[in-house]
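Read off the chains here:
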Amino acid sequence: NAGVMQNPRHLVRRRGQEARLRCSPMKGHSHVYWYRQLPEEGLKFMVYLQKENIIDESGMPKERFSAEFPKEGPSILRIQQVVRGDSAAYFCASSPLPGGGNEQFFGPGTRLTVL
Amino acid sequence: EDQVTQSPEALRLQEGESSSLNCSYTVSGLRGLFWYRQDPGKGPEFLFTLYSAGEEKEKERLKATLTKKESFLHITAPKPEDSATYLCAVQAYNFNKFYFGSGTKLNVKP
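What comes next is a walk through the structure. Throughout, a residue's number is its position along its own chain's written sequence, starting from 1. Chain A is the first chain written and ligand 1 is the first ligand written, with later ones labelled in order. Local features in a predicted model are, by the rule used here, given only for residues with pLDDT of at least 70; side-chain atom pairs are given and counted only at 80 or more, and totals for whole chains, interfaces and linings are based on all residues. By convention in this description, side-chain values take in all heavy atoms of the structure and omit both hydrogens and water.

1. Re the overall build of chain B
Segments assigned H or I by DSSP are reported as helices when at least four residues long, segments assigned E as strands when at least two residues long, and all are numbered from the N terminus. In terms of regular secondary structure, chain B is built from 0 helices and 11 strands. In sequence order, chain B lays out its α and β elements as β-β-β-β-β-β-β-β-β-β-β. In this treatment the radius of gyration is a C-alpha quantity, and the globule benchmark scales as 2.2 Å times the residue count to the 0.38 power. Against the compact-globule benchmark of 13 Å for 110 residues, chain B has a radius of gyration of 13 Å, which places it among compact chains. With the principal axes as the frame, chain B shows a C-alpha extent of 45 × 30 × 20 Å. Across the 110 residues in chain B, those meeting the buried criterion constitute 46%. Between buried and exposed lies partly exposed: a residue is buried under 20% and exposed over 50% of the maximum accessible area for its type, with that area taken using a 1.4 Å probe on protein chains only.

Structural data, given as structure tokens:
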């Protein structure tokens, strides 16, 4: 039973480029969360999605960031016109139940570096 | 405002020296408190979920406890392989998001 998968594991972008981060949840999980982690800091909630629905995006910056979880395929976190401050580790987690009432299972993360 | 504070930020122990990590929280209606272990360069690994004050969970050398305002992660006779950052998170009943603390970085020396 494969765990949560994220790709790419490492992504380097120049300022102004776009970054696309992918997350495939665990089999049977239809709830996905995205988090951002800066060095030596905890995880900051960004967005919670179910298939084809954004449930809570209160942690997402209003501009340049978007997320989707289509009916088929992985969840995508998209960052347009990246800036150096976007450099961080981005983690995705999946949960089998509505609202993540039980534990979330995390992927290995994508480390984004903006030059 | 809902928030989570973990202490200490860092903890150095000798192998076999037991200790506790603290997670203090303020949340309007606790749905669950979660402990995770995170190794460098990896995603958090789930350890425990606690739902109500007085609840305890154990796994090998780790034991998690919960009161109305804080949780403790007790580490008994730790080994070097227990070295990691331990994260605490809470979820409120009427919110979908999880609030994470900044973690306690544990270093166990042989």
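Now that the structure has been shown, we can carry on.
2. Some remarks on the overall build of chain A
When its secondary structure is counted, chain A shows 0 helices and 11 strands. Reading the secondary structure of chain A in the N-to-C direction produces β-β-β-β-β-β-β-β-β-β-β. Overall size of chain A, expressed as C-alpha extent along the three principal axes, is 40 × 25 × 25 Å. Considering chain A as a whole, with its 115 residues, one finds that 44% of them fall into the buried category. Considering only intrachain contacts with a sequence separation of at least 6, the fraction spanning at least 24 residues in chain A is 53%. We call two residues contacting when some pair of their heavy atoms lies within 4.5 Å.

3. Points about the environment of K68(B)
All names here are of chain B. If you trace the backbone, K68 turns up in the loop between β7 (62-66) and β8 (70-75). When its relative accessible area of 72% is taken as the criterion, K68 is described as exposed. Separated by 38 residues in the primary sequence, K68 and L30 have C-alpha atoms spaced 8.8 Å apart.

4. Some words on the layout of surface pockets
Cavities and pockets are defined on a 1 Å grid built over the protein atoms alone: a cavity is a set of grid points where a 1.4 Å probe fits but cannot escape, while a pocket is an open set with protein on both sides within 12 Å along at least five of seven lines, and lining residues are those with an atom within 4 Å of any such point. Grid points are joined across faces, edges and corners, and a volume is the space filled by probe spheres set on the points. Of the volumes computed, that of the largest pocket is approximately 650 Å³. Around the largest pocket, the lining is made up of 27 residues, and of these Q37(A), E40(A), Q38(B), T85(B) and K105(B) lie nearest the centre. Those elements giving two or more residues to the lining of the largest pocket turn out to be β9 (88-95) of chain A together with β2 (10-14), β9 (84-92) and β11 (104-109) of chain B. A total of 4 residues in the lining of the largest pocket trace back to one element, the largest contributor, which is β11(B).

5. Structural notes on the sheet that holds strand β3 (residues 19-24) of chain A
All names here are of chain A. By the convention used here, strands pair only if DSSP detects at least 2 bridges between them. With antiparallel pairing, the 4 strands of this open sheet are ordered in space as β1-β3-β8-β7. Here the strands that pair on one side only, and so sit at the sheet edges, are β1 (5-7) and β7 (65-68). Within this sheet the neighbouring strands show an average axis-to-axis angle of 15°, counted without direction. Across 3 bridges, the pairing between β1 and β3 is antiparallel. Within β3, the residue paired with N7 across the bridge is R22. In this analysis an axis means a line fitted to C-alpha atoms, helices contributing only their contacting stretch, and an angle means the value between N-to-C directions, from 0 to 180 degrees.

6. Notes on the nonpolar core
Throughout, nonpolar core names a set of buried Ala, Val, Leu, Ile, Met, Phe, Trp, Tyr and Cys residues whose side chains join them through atoms within 4.5 Å. Formed by 25 residues in total, the largest nonpolar core has its most connected members in Y25(B), L33(B), W35(B), L73(B) and Y86(B). Counting residues in each nonpolar core, the second largest holds 23 residues, with A19(A), C23(A), V47(A) and L77(A) among its members.

7. So, the side chain of Q6(A)
Residue and element names in this part refer to chain A. Relative to the assigned elements, Q6 resides in strand β1. Any N or O atom pair separated by 3.5 Å or less is treated as a polar contact, with the protein-specific requirement of one donor-capable and one acceptor-capable atom, and with residues adjacent in sequence counted only for side-chain atom pairs. Polar side-chain contacts of Q6 include one of 3.1 Å to the backbone oxygen of Y90. Looking at Q6, its side chain comes within polar contact range of the main-chain nitrogen of C92, at 3.1 Å. Setting aside anything within four residues of it in sequence, one finds Q6 in contact with R22, C23, W34, Y90, F91, C92, G107, P108, G109 and T110.

8. So, the pairing of strand β4 (residues 30-38) of chain B
Residues and elements named next belong to chain B. Counting buried residues in β4 gives 8 out of 9 residues, a clear majority hidden from the surface. Bridging between β4 and β9 involves 8 bridges; their strand directions are antiparallel. In the strand pairing of β9, Y36 is matched with L87. Here 5 bridges tie β4 to strand β5 (residues 45-50), and the two strands are oriented antiparallel to one another. Directly across from F34, in β5, lies its bridge partner T49. In this antiparallel pair of consecutive strands, β4 and β5, the connection spans 6 residues, and G41 shows a positive phi of 75°.

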